[in-house]
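Report on the structure
Here's the letter readout for the chains.
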Amino acid sequence: MRAEDTPLIRLEDYRPADWLIDTVDLDISLAPHETRVRAQLGLRPNPAGEPGAALVLDGDELSLAGLSLDGALLDGADFEATAQSLTIHAPPQRGFTLAIETVLDPSANTKLMGLYRSSNVYCTQCEADGFRRITYFLDRPDVMSVYTVRLEARKAEAPVLLSNGNRVATGDVAGTDRHFAVWHDPHPKPAYLFALVGGALDHVREDYVTADGRKTELAVYVEPGKAGRAGWALDSLVRCMRWDERVFGRNYDLDVFNVVAVSDFNMGAMENKGLNIFNDKYVLADPQTATDGDYASIEAIIAHEYFHNWTGNRITCRDWFQLCLKEGLTVFRDQEFSADERSRPVKRIADVRTLRATQFSEDAGPLAHPVRPRAYKEINNFYTPTVYEKGAEVIRMLKTLIGEDAFARGMDFYFERCDGTAATIEDFLACFAESSGQDLAHFARWYEQAGTPTIVASGRYDKASRSYTLELAQTTPPTPGQPEKQPVVLPVALGLVGKAGDLPLRSASNAYAGDGLVVLDQPSLSVTFTNIDEPPIPSLLRGFSAPARLELDLADDGLLRLFSADSDSFNRWQALQTVATRALTAAGRGDAPSAALTAKTGELAAALGIFLDEQALSDPAFAAQVLRLPAPADIAREIGKDVDPDAIHAAHRALAAGIGEKLAARLTALREKLDKKGPYSPDAEAAGRRALRNEALGLLALGDPVTGAGIAEAQYEAADNLTDRLAALAAMTLIPGEARERLIVRFGDLYATEPLVLDKWLMAQALIAEPGTLDRVKTLMSHPSFSLGNPNRVRALIGGFAANLTQFNRADGAGYDFIADIVIALDRTNPQVASRLLGSFKTWRMLEPGRRSLAHSALSMVSGTPNLSRDVADIAERALA
């Protein structure tokens, strides 16, 4: 397929379905190569649709085995069936039952969409349009139906049979080795939320009583022998359910809630009603096979999928253009949960790091799109950081602008008014306009306009009038299809920092909303604060109150003062990041001599030294974030054009090594103080201590490789958990030599039977910033643990290499050609994974001319490949446009 052959679907062309499906009765007889699906659909004309319309059902690689209408077989002239659709030419203009039979081969389904097998477990993935790979259907989110599902399988092969809703019957099939289970979900849902699981699985369970008194059985199902690793996921589920009851007033609404972990999954997890299916990396955890980061991710993703029960399931989206309505809102909810469970400042810093690394770079490249796209060719390509992370930032800004009370009332209105419906962004915003009494039409521009705004800020102090005037201006660069930009609503949380801390804020300006908030909703404005007795230092975008870049006319000494004195933890961290970013950007561009970077290294080391001495032990998790420099990819994005990855890498290594060398004694002493013995715990405090200790190790490894290697090897030997063992390996990957290679082999041997740990081992090697890494990755593709058919393995090794700034962007173009070849090969079996890998090219236009030309050639090679999937063809077309 060529991208130009794929129809463009536009938001403005939306119209309701001509038919509604009120009930769906599925009878699915599972077998590895011949699963038989019998679907009875209760249809009726949609009063909002076109009268007398034909019935056109979606399909995808389907084969029709039987068709009847109200019990009567249809004549061949009455319908047309292809692999991609089923059309009933003249259906009755009344309610009727359509019975459809299809036959599937789950074992051959390498796309992992629809019904497939993962390690001999039957499972499904139907979002966005996978249900049409199971049976012909109106596969769109605004067609919501009540499902009853009968599953049947060989008892020995699939003793566990699960689907959505509540189990209402079970039994043996007389005279056979098969059994069945019947599930009924009383809540209408779109087809993308359908799910089934069948297989031999272990589980852990817990009885739960909701705040409104419903008794619910919670269970987490895993591969046999792994139930001991499911406890953290179950504990996280209980905690997030209690949190949602307390914070949003949402109670669970079924008798069971099941989570199932499978090893082959294109995404992280899926919120199917009452039956969440997860990538096993986001369920399985114990101290020897999961890191602190894994525990935190499991906690967050379990919460995210559970929170979808209301923001995604009970209220779904009218069409896929409204995807951010469920995803952005639910990301915001899971971020708030994690912030309450752990450290709010540290969580905010981590979320902003992710936003900048993934979404800001998306906004800056050819794949930029609004939070609510206006058109698409392949919806699977819009499960993006813009929809998820930027969508969450839009919700956060809304809460900041209207206040906590109005936001809470607006959420209550949304739940009350939209429950059981397929809603739109307009429906959502109307609830908050009413709760706040504000006109949100201008704010809604965030959903329509792509790009990352830049806020330019400058200030002047007038001693005579004891006033400080802050000048703010905003611009947003052009993005594909949107050359002209309009100002957006930017909540700028701020403080003015004096010698003794924050100064009182008084202003008569209309732009000042009080409580330290200025609303920048025009191209530029000025705000004057009065009764200011000393020249202040402005602290802007506190808590990262808007997803924008900030250009501030504040010298480095002022930023270092903010680092030591700001009351806002985020801006303390940001101040030091900005100093480091300026130094690395100048060095990476070649704008400053090496002596300038050396001098700045001394300034940063001095500031960090004081911080480590006085404050690191009081909040180790925050201190770990402070020690971590901006990533090389952040510097590349900041430079923005004619980027030389090798120059950025060299500058980054020099700065980190210089800090590590100058602070070696302090870092060593700090590690000793943090080395608390005792049983491993994934709690936030213990994880924070390990994080700081391991950040210190990385700096020591670069500052003095000989001493650092010794410390890393000693930590590896003494480690009683994967977090410390993997950190030791990561430190050693920074130090070339035989000792590194020996440790790499030892780690691989130790975890030879643990695929999820080997993923980390593969990625650690793929990220080595050395010329031999491409050959290393090619060799690792032959390792017994690696398979192109498993998305986790591909993301670890191939995705890890694509994230390696210097080696993916090799000056000879070999990195680009390698990824392009893998994309073409993967596209034949799993287009979704292939298209996401092709997204690694999203920043190619910012490279220096030589690399830019080579990246263009690789993209053109992909684009010119015959018979591409819609997924890959769409990404290639947009990347080259």
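For the structure, see preceding data.
1. Digging into the overall build of the chain
When helices and strands are tallied, the chain shows 27 helices and 33 strands. In terms of overall size, the chain behaves like a compact globule, its C-alpha atoms giving a radius of gyration of 28 Å where 881 residues would be expected to give roughly 29 Å. For the chain, the spread of C-alpha atoms along the principal axes amounts to about 90 × 65 × 60 Å. Put simply, the chain has 881 residues, and 60% of those count as buried. Restricting the contact set of the chain to residue pairs at least 6 apart, pairs at least 24 apart contribute 72%. Entry remark: accessible area of the chain is about 32500 Å², with carbon and sulfur atoms responsible for 51%. Charge centroids of the chain, computed over 92 positive and 119 negative side chains, lie 3 Å from each other.

2. Focus on the sheet that holds strand β8 (residues 85–88)
Sheet strands pair by backbone hydrogen bonding; their relative direction is either parallel or antiparallel. In spatial order, the strands read β4-β8-β7; together these 3 strands make up an open sheet with antiparallel pairing. Edge strands, defined here as strands with exactly one partner in the open sheet, are β4 (55–58) and β7 (79–81). When the angles between neighbouring strand axes are averaged without regard to direction, this sheet yields 10°. By the bridge criterion, 4 bridges tie β4 to β8 in an arrangement that is antiparallel.

3. What about the environment of Asp-177?
Relative to the elements of secondary structure, Asp-177 occurs in the loop between β14 (166–172) and β15 (178–189). The class of Asp-177 is partly exposed, set by a relative accessible area of 46%. Residues Asp-177 and Ile-532, spaced 355 residues apart in sequence, show a C-alpha to C-alpha distance of 83 Å. In this structure, Asp-177 is in contact with Ala-153, Arg-154 and Lys-155, ignoring residues within four places of it in sequence. In terms of polar contacts, Asp-177 uses its side chain to reach the side chain of Arg-154, at 3.2 Å.

4. A closer look at the sheet that holds β14
With mixed pairing, the 8 strands of this open sheet are ordered in space as β6-β5-β9-β3-β2-β12-β15-β14. The open sheet has two free edges, formed respectively by β6 (72–73) and β14, since each of these has just one partner strand. Sheet topology places strand β12 (residues 145–154) next to β15; 9 bridges connect them, and they run antiparallel. Across the sheet, the residue bridging to Arg-154 is Arg-178, located in β15.

5. Let's talk about the state of the cysteines
Scanning the entire structure with this criterion turns up 0 disulfides. Cysteine Cys-123 is unpaired, with the sulfur of Cys-126 as its nearest cysteine sulfur at 10 Å. Of all cysteine sulfurs, the one in Cys-418 lies closest to Cys-431, which takes part in no disulfide; the gap is 4.9 Å.

6. Side note on unusual backbone geometry
The linkage connecting Glu-127 with the following residue, Ala-128, adopts the cis geometry, with an omega of 5°. As for its placement among the helices and strands, Ala-128 is situated in the loop between β11 (121–125) and β12. One non-glycine residue with positive phi stands out, namely Asp-642, at about 50°. One can find Asp-642 in the loop between α13 (632–639) and α14 (645–662).

So, how was this worked out
- Residues numbered from 1 in each chain as written.
- Predicted model: local features only at pLDDT ≥ 70, side-chain atom pairs only at ≥ 80, totals over all residues.
- Heavy atoms only, no water.
- Helix = DSSP H or I, 4+ residues; strand = E, 2+ residues; numbered from the N terminus.
- Rg over C-alpha atoms; globule rule 2.2 N^0.38 Å.
- Buried < 20%, exposed > 50% of the residue type's maximum accessible area, 1.4 Å probe, protein only.
- Contact = heavy atoms within 4.5 Å.
- Areas by Shrake-Rupley, 256 points an atom, 1.4 Å probe, with all protein chains shown as cover.
- Lys, Arg positive; Asp, Glu negative; His and termini not counted.
- Charge placed at Lys NZ, Arg CZ, Asp CG, Glu CD.
- Pairing = 2+ DSSP bridges.
- Axes fitted to C-alpha atoms, helices over the stretch in contact; angles between N-to-C directions.
- Polar contact = N/O pair within 3.5 Å; in protein donor to acceptor, adjacent residues only side chain to side chain.
- Disulfide = S-S within 2.5 Å.

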